[in-house]
Amino acid sequence: MILTWIVLFIFVLFGLLTFRRKDLFSPWTITFCVWIVEIACFLTFDHGLYATTGNFEQAVLLWVISFCGSSFIVYDMARGNSPTKHHIAGADYNSNAFRIMFWISIICVPITVYLAYKYALANAITDNIFFELRYNTTQSENRKDSILKYTTYIALIPLLAECNAKKINTKRLILLYFLNVVLMFSSMSKISLFTSIISSVFVLVYNKRIKPRVFIYIFIAFIGLTILFSAIRSFYGDIDADRIGAVLSVYTLSPISAFDYVAESVNQTYDGSYTLRFFYQLAKSLGADVDVRSTIQDFVQIPHSTNVYTVFYQYYKDFGYFGIFIFGLINGSIYGFVYSRIAFNPKLKLFYSYLVVTLFLQFFAELFWTTLSSTIQVFLCSYLVYVRRNKKRIKYCCM
């Protein structure tokens with residue numbers, strides 16, 4: 001426990017030293033804040049989880065030092081070589097690309113929700129429709145309608161592009177928010193809802209359309225909504241304070257205890273099969289005889305049941321502490337470079353708004369490499385919605 005307090009003190013110290021108001025949403029600032037709050041809550045609240053034994057402290061130190069250090073250095077280097085440092089608050093999207101994605105969303109979201117509910121009711125094993133929707137989502141890879149899951153990101157990008165427009169169409173923005181929220185009910189996924197809300201609010205805050213404190217209020221309100229949402233999805237009986245408290249500890253604090261607990265018995269694969277799952281899946285689709293790891297982790301009792309182990313669990317499972325440090329450097333460099341370009345590049349601003357979600361949820365799970373397919377989809381859609389139709393190039397649209 002003393003070691004945990006020392007780690008917290010180090011993070012607070014370095015967080016204060018590197019904090020700059022203009023970089024409130026920088027990769028290093030968010031990372032320091034996330035782990036300071038997470039560790040402080042773990043040390044302060046009576047959560048009933050197992051105490052850490054040093055495994056977590058080593059891992060989080062390696063991760064934060066390598067990630068924050070590399071993101072800060074790469075940002076500083078790339079920012080110095082930027083073609084312009086002028087911040088552009090909004091950008092005009094490609095109307096044709098936007099219109100295509102918008103109408104695909106209008107058509108596919110109702111179909112996706114209908115098929116999800118139809119499949120859940122036809123294969124129900126409980127009376128909890130919310131549980132059935134979530135369970136069938138995790139088993140959706142073999143379903144015929146699984147292609148509709150790509151609607152998630154096609155519906156997300158028009159929402160972000162509208163938030164980033166020079167002149168926002170309020171009615172269309174409300175409709176896009178509605179579509180994204182409705183789409184969430186087809187999977188009962190908290191991360192889907194979190195992504196659409198947090199990423200869009202980030203764009204509005206960055207463009208100074210709303211105050212930064214509004215972002216904090218929305219984030220806190222969303223955490224509360226998530227707890228209630230998870231309680232409804234997880235329990236079949238009445239929801240009381242004890243059950244909500246259990247959900248709170250499982251989804252917010254248990255990853256620390258879970259990682260520390262399983263780190264004692266994990267045997268490293270040294271083949272990258274967990275971290276680089278996307279490439280294994282791609283190789284298998286091309287005919288290679290390889291095993292593709294599931295994105296759903298095994299449950300562990302600590303003593304609450306959980307299967308979330310923080311951002312660095314996959315790196316540790318594949319390559320040990322060395323993997324945590326190396327992927328901290330790699331991820332930090334990628335995030336730092338993208339962040340250095342968002343002031344004048346609308347494509348990368350939309351892409352970074354998605355990366356912001358992965359930063360805020362790093363205490364929960366790894367959402368960059370293990371879901372690289374989603375990351376690539378967001379990047380490509382962000383690029384397409386700002387593709388220019390003529391040869392005249394606008395300065396801020398170039399990298």
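Scroll up a little and you will see the structure.
The following paragraphs examine the structure supplied in this document. (Residues numbered from 1 in each chain as written. Predicted model: local features only at pLDDT ≥ 70, side-chain atom pairs only at ≥ 80, totals over all residues. Heavy atoms only, no water.)

## Thoughts on the overall build of the protein
Okay, so step 1: The helix and strand tally for the protein stands at 14 helices and two strands.
Okay, so step 2: A total of 399 residues make up the protein; the buried ones form 51% of that total.
Okay, so step 3: For the protein, long-range pairs separated by at least 24 residues make up 78% of all intrachain contacts whose partners lie at least 6 apart in sequence.
Okay, so step 4: Surface summary for the protein: the accessible area is close to 19,200 Å², and the carbon and sulfur share equals 65%. (Helix = DSSP H or I, 4+ residues; strand = E, 2+ residues; numbered from the N terminus. Buried < 20%, exposed > 50% of the residue type's maximum accessible area, 1.4 Å probe, protein only. Contact = heavy atoms within 4.5 Å. Areas by Shrake-Rupley, 256 points an atom, 1.4 Å probe, with all protein chains shown as cover.)

## Concerning unusual backbone geometry
Okay, so step 1: The omega angle of the peptide bond from Ile 302 to Pro 303 is -5 degrees, so this bond is cis rather than trans.
Okay, so step 2: Note on placement: Pro 303 falls in the loop between β1 (300-301) and β2 (305-306).
Okay, so step 3: Even without being glycine, Tyr 270 reaches a positive phi, approximately 60 degrees.
Okay, so step 4: Despite not being glycine, Thr 310 shows a phi value in the positive range, around 75 degrees.
Okay, so step 5: Within the fold, Thr 310 resides in the loop between β2 and α12 (313-341).
Okay, so step 6: By relative accessible area, Thr 310 is classed as buried at 1%.

## Thoughts on the side chain of Glu 57
Okay, so step 1: The residue Glu 57 is located in helix α3 (residues 55-80) in this model.
Okay, so step 2: Lacking a salt bridge, the buried Glu 57 has Lys 317 as its closest oppositely charged neighbour, with an N-O distance of 20 Å.
Okay, so step 3: Of the polar contacts made by the side chain of Glu 57, one reaches the side chain of Thr 52; its length is 2.6 Å.
Okay, so step 4: Those residues in contact with Glu 57, other than ones at most four positions away along the chain, are Leu 3, Thr 4, Val 7, Thr 52 and Asp 260. (Lys, Arg positive; Asp, Glu negative; His and termini not counted. Salt bridge = Lys/Arg side-chain N within 4 Å of Asp/Glu carboxyl O. Polar contact = N/O pair within 3.5 Å; in protein donor to acceptor, adjacent residues only side chain to side chain.)

## A look at the packing of aromatic side chains
Okay, so step 1: All chains considered together, the criterion is met by 30 aromatic pairs.
Okay, so step 2: Note on Trp 35 and Phe 56: the rings are 5.9 Å apart at their centroids and 50 degrees apart in plane angle, and the pair reads as tilted. With Trp 35 in helix α2 (residues 27-44) and Phe 56 in helix α3, this pair connects stretches of sequence that are 21 residues apart.
Okay, so step 3: In this structure an aromatic cluster arises from ring pairing among Phe 25, Trp 28, Phe 72, Tyr 75, Phe 202, Tyr 206, Tyr 339 and Tyr 352. (Phe/Tyr/Trp six-rings, centres within 6.5 Å; stacked < 30°, edge-to-face > 60°.)

## Side note on the nonpolar core
Okay, so step 1: Core analysis: the largest hydrophobic core is formed by 99 residues, its most contacted members being Trp 35, Trp 63, Phe 202, Phe 259, Phe 312, Tyr 352 and Val 385.
Okay, so step 2: The residues contacting Trp 63, other than those within four sequence positions of it, are Thr 31, Trp 35, Cys 68, Val 311, Phe 312, Tyr 315, Ile 324, Phe 327, Gly 328, Asn 331 and Gln 362. (Core = buried A, V, L, I, M, F, W, Y, C linked by side-chain atoms within 4.5 Å.)

## Examining the packing of helix α8 (residues 190-206) against helix α13 (residues 346-360)
Okay, so step 1: The contact between α8 and α13 brings their axes to 9 Å, and the two run at 125 degrees. In terms of orientation, α8 lies oblique with respect to α13. When you trace α8 past α13, the crossing you get is right-handed. Along the contact surface, α8 presents Phe 194, Thr 195, Ile 198, Ser 199, Phe 202, Val 203 and Tyr 206, while α13 presents Lys 349, Tyr 352, Ser 353, Tyr 354, Val 356, Val 357 and Phe 360.
Okay, so step 2: Along the lines of polarity and charge, the residues of the contact of α8 with α13 split into ten nonpolar, three polar and one charged. (Axes fitted to C-alpha atoms, helices over the stretch in contact; angles between N-to-C directions. Parallel < 35°, antiparallel > 145°, perpendicular 65-115°, else oblique. Left-handed = near helix turned anticlockwise from the far one by under 90°. Nonpolar A, V, L, I, M, F, W, Y, C, P; charged D, E, K, R; others polar.)

## Digging into the environment of Phe 344
Okay, so step 1: Within the element layout of this structure, Phe 344 appears in the loop between α12 and α13.
Okay, so step 2: Sequence-wise, Phe 344 and Ala 91 are 253 residues apart; in three dimensions their C-alpha atoms are separated by 9.2 Å.

## So, the packing of α12 against α13
When two helices pack together, their arrangement is given by the angle between the helix axes and the distance between those axes.
Okay, so step 1: Close contact between α12 and α13 brings their axes to 9 Å; oriented N to C, the two are set at 140 degrees. Considering the angle they form, α12 stands oblique to α13. With respect to the hand of their crossing, α12 and α13 are arranged in left-handed fashion. The residues of α13 that touch α12, namely those facing Tyr 335, Val 338, Tyr 339 and Arg 341, are Leu 348, Phe 351, Tyr 352, Leu 355, Thr 358 and Leu 359.
Okay, so step 2: Looking at the contact of α12 with α13 residue by residue, the class counts come to eight nonpolar, one polar and one charged.

Everything listed here is a matter of coordinates, which is why it stays silent on function.
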